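One letter stands for each residue in the lines below.
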Amino acid sequence: MSTSLRAPSLQTARLRLRAFEDSDADALFALQSNAYVLRYWDSLPWTERARAEQFIARCRQMESEGSGVRLAVDRVSDGAFIGWCTVPAWNPDFRSAKLGYCFDDAAWGQGYATEAGRALLGWAFDTLDLNRVQSETDTRNVGSARVLEKLGFVREGTLREDCIVDGVVSDSWVYGLLRREWRPSGD
């Protein structure tokens, strides 16, 4: 399959989701090099700014391959970059994809991840004709689990000892959201 995708521009009450630009590299590096933000991540924090440029290039590659999209998330009130969200691993035959996100800790607890996730899922269910979206989170990451549950995801199981980062072994919860369970408004 080589249908290219175009990263959408999505607007919510408080957020703007958009394609990454080269000018996002510094803010992206600041986010992905923050050890506190990435403490439950499946890889170590970045130590080189070049990783941000590679990430942005990979965003464009995902679109051209048609395998998914990654979007920068800006707060509308001040234009600040506060994180990103993604729908990778799109499989049009199975009508499935994944959902991922990463937000700056200063933006936590304000509903931004849920708001961005809801907007991106709405686009993905409509545009990609998905039947299923899957997401995984470290079992210690209670905040992320709450975001997924607010979006309507159901915890389906545990991947035992599926990540080892810097010698630390961790488990992940697997969540699934089916089209018939999707509630765009969140009710």
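What you see is a predicted model, and the numbers here were worked out from it, not measured in a lab.

## Points about the overall build of the protein chain
Then step 1. Secondary structure summary: the protein chain contains four helices and nine strands in total.
Then step 2. When the elements of the protein chain are put in sequence order from the N terminus, they spell out β-β-α-α-β-β-β-β-α-β-α-β-β.
Then step 3. By the compact-globule yardstick of 16 Å for 187 residues, the protein chain fits well, its C-alpha radius of gyration being 16 Å.
Then step 4. Referenced to the eigenvectors of the C-alpha coordinate spread, the extents of the protein chain come out at roughly 40 × 35 × 35 Å.
Then step 5. Out of the 187 residues belonging to the protein chain, those deemed buried represent 46%.
Then step 6. Within the protein chain, contacts between residues at least 6 apart in sequence are counted, and of these 62% link residues at least 24 apart.
Then step 7. Total accessible area on the protein chain is roughly 9,600 Å²; 47% of this is exposed by carbon and sulfur atoms.
Then step 8. Here the protein chain holds 23 positive side-chain charges and 27 negative ones, and the gap between their average locations is 4 Å.

## What to know about the environment of arginine 49
Then step 1. Within the element layout of this structure, arginine 49 appears in the loop between α1 (25–32) and α2 (50–65).
Then step 2. Its relative accessible area of 34% is what places arginine 49 among the partly exposed residues.
Then step 3. For the pair arginine 49 and glutamate 63, spaced 14 residues apart in sequence, the C-alpha to C-alpha distance is 22 Å.
Then step 4. Not counting the four nearest positions on each side in its chain, arginine 49 is found in contact with Ala25, Asp26 and Phe29.
Then step 5. A polar atom in the side chain of arginine 49 sits 2.5 Å from the side chain of aspartate 26.

## Quick word on the sheet that holds strand β5 (residues 96–98)
Pairing between sheet strands relies on hydrogen bonds along the backbone, with the strands arranged either parallel or antiparallel.
Then step 1. Reading across from one edge, β5-β7-β9-β8 is the order of the four strands in this open sheet, with mixed pairing throughout. Only two strands of the sheet have a single partner each, and these edge strands are β5 and β8 (154–165). Taken pair by pair, the neighbouring strands of this sheet meet at an average axis angle of 25°, ignoring direction.
Then step 2. The pairing of β8 with strand β9 (residues 168–178) spans eight bridges and is antiparallel. Among the inter-strand pairings, isoleucine 164 is bridged to a residue of β9, identified as valine 169.

## Focus on the pattern of salt bridges
Then step 1. Under the definition given, this model contains 15 salt bridges.
Then step 2. Between arginine 49 and glutamate 53 there is a salt bridge whose closest N-O contact spans 2.3 Å.
Then step 3. For glutamate 53, a relative accessible area of 43% corresponds to the partly exposed category.
Then step 4. In this structure, aspartate 129 and arginine 95 form a salt bridge, with 3.4 Å as the shortest nitrogen-oxygen distance. In this pair, aspartate 129 sits in the loop between α3 (112–127) and β7 (132–138) while arginine 95 sits in the loop between β4 (81–87) and β5, placing the two residues 34 residues apart along the sequence.
Then step 5. A relative accessible area of 40% places aspartate 129 in the partly exposed class.
Then step 6. Given a relative accessible area of 30%, arginine 95 falls into the partly exposed group.
Then step 7. Overlapping salt bridges bring together Arg16, Arg18, Asp24 and Asp74 as one network.

## Side note on the packing of α1 against α2
Then step 1. Two elements in contact, α1 and α2, have axes separated by 8 Å at closest approach and are oriented at 110°. When the interaxial angle is binned, α1 and α2 end up roughly perpendicular. Facing Ala25, Leu28 and Phe29 of α1, the residues of α2 in contact are Ala52, Glu53, Phe55 and Ile56.
Then step 2. Within the contact of α1 with α2, the residues separate by chemical class into six nonpolar, no polar and one charged.

What counts, and where the lines are drawn
- Residues numbered from 1 in each chain as written.
- Predicted model: local features only at pLDDT ≥ 70, side-chain atom pairs only at ≥ 80, totals over all residues.
- Heavy atoms only, no water.
- Helix = DSSP H or I, 4+ residues; strand = E, 2+ residues; numbered from the N terminus.
- Rg over C-alpha atoms; globule rule 2.2 N^0.38 Å.
- Buried < 20%, exposed > 50% of the residue type's maximum accessible area, 1.4 Å probe, protein only.
- Contact = heavy atoms within 4.5 Å.
- Areas by Shrake-Rupley, 256 points an atom, 1.4 Å probe, with all protein chains shown as cover.
- Lys, Arg positive; Asp, Glu negative; His and termini not counted.
- Charge placed at Lys NZ, Arg CZ, Asp CG, Glu CD.
- Polar contact = N/O pair within 3.5 Å; in protein donor to acceptor, adjacent residues only side chain to side chain.
- Pairing = 2+ DSSP bridges.
- Axes fitted to C-alpha atoms, helices over the stretch in contact; angles between N-to-C directions.
- Salt bridge = Lys/Arg side-chain N within 4 Å of Asp/Glu carboxyl O.
- Parallel < 35°, antiparallel > 145°, perpendicular 65-115°, else oblique.
- Nonpolar A, V, L, I, M, F, W, Y, C, P; charged D, E, K, R; others polar.

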